[in-house]
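# Reading the structure
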Amino acid sequence: MDTVVNPLKEFAKNSVRLVKRCTKPDRREFNKITIRTAIGFIVMGFIGFFVKLIFIPINQIIVGGNASS
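Because the structure is predicted, anything quoted here is derived from the model rather than measured.

## Structural notes on the pattern of salt bridges
Pairs can form between side chains of opposite charge once their charged atoms are near each other. Counting across every chain of the model gives one salt bridge. Between Glu 10 and Lys 13 there is a salt bridge; the shortest N-O distance is 3.9 Å. Placement of the pair is Glu 10 and Lys 13 together in helix α1 (residues 2-21), with a separation of three residues, close to one helical turn. On the basis of relative accessible area, Glu 10 is assigned to the partly exposed category, the value being 38%.

Dropping the structure here:
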């Protein structure tokens, strides 16, 4: 039973210690995080858009879409 309880107690103690050490970010740090996150979303969106843009014609060639339809 101790093999199950002791790791849980240790995890709880470490978690409490981590939460106590954490601090709330100030406005400048929060803005920096927000801007970098937004840039990441935009970059990933453009990557997804261009991948989709490239694979639509390739998919049409593979599937053999009929141009006269």
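## What to know about the packing of aromatic side chains
Any aromatic ring pair is given by two values, namely how distant the centres are and how the planes are angled relative to each other. This structure, assessed with the given rule, holds two aromatic pairs. With a centroid separation of 6.3 Å and 20 degrees between ring planes, the pair formed by Phe 46 and Phe 50 is classed as stacked. Taken together, the residues span about one helical turn, with Phe 46 and Phe 50 both in helix α2 (residues 27-63) at a distance of four residues. On the accessibility criterion, Phe 46 (49% relative accessible area) is partly exposed.

Analysis parameters
- By convention here, each chain's residues receive numbers from 1 onward along its written sequence.
- In keeping with the predicted nature of the model, local features appear solely for residues at pLDDT of at least 70, side-chain atom pairs appear and are counted solely at 80 or more, and the whole-chain, interface and lining totals rest on all residues.
- Hydrogen atoms and water are omitted, and side-chain values are computed over all heavy atoms in the structure.
- Should a side-chain nitrogen of Lys or Arg be within 4 Å of a carboxyl oxygen of Asp or Glu, the pair is scored as a salt bridge.
- Only DSSP runs of H or I reaching four residues or more are called helices, and only runs of E reaching two or more are called strands; each is numbered from the N terminus.
- In this scheme, a residue with accessible area under 20% of its type's maximum is buried, one over 50% is exposed, and one in between is partly exposed, where area comes from a 1.4 Å probe on protein chains only.
- Centre distance within 6.5 Å is the pairing criterion for rings of Phe, Tyr and Trp, where only the six-membered ring of Trp is used; planes under 30 degrees apart are then read as stacked, over 60 as edge-to-face, and the remainder as tilted.

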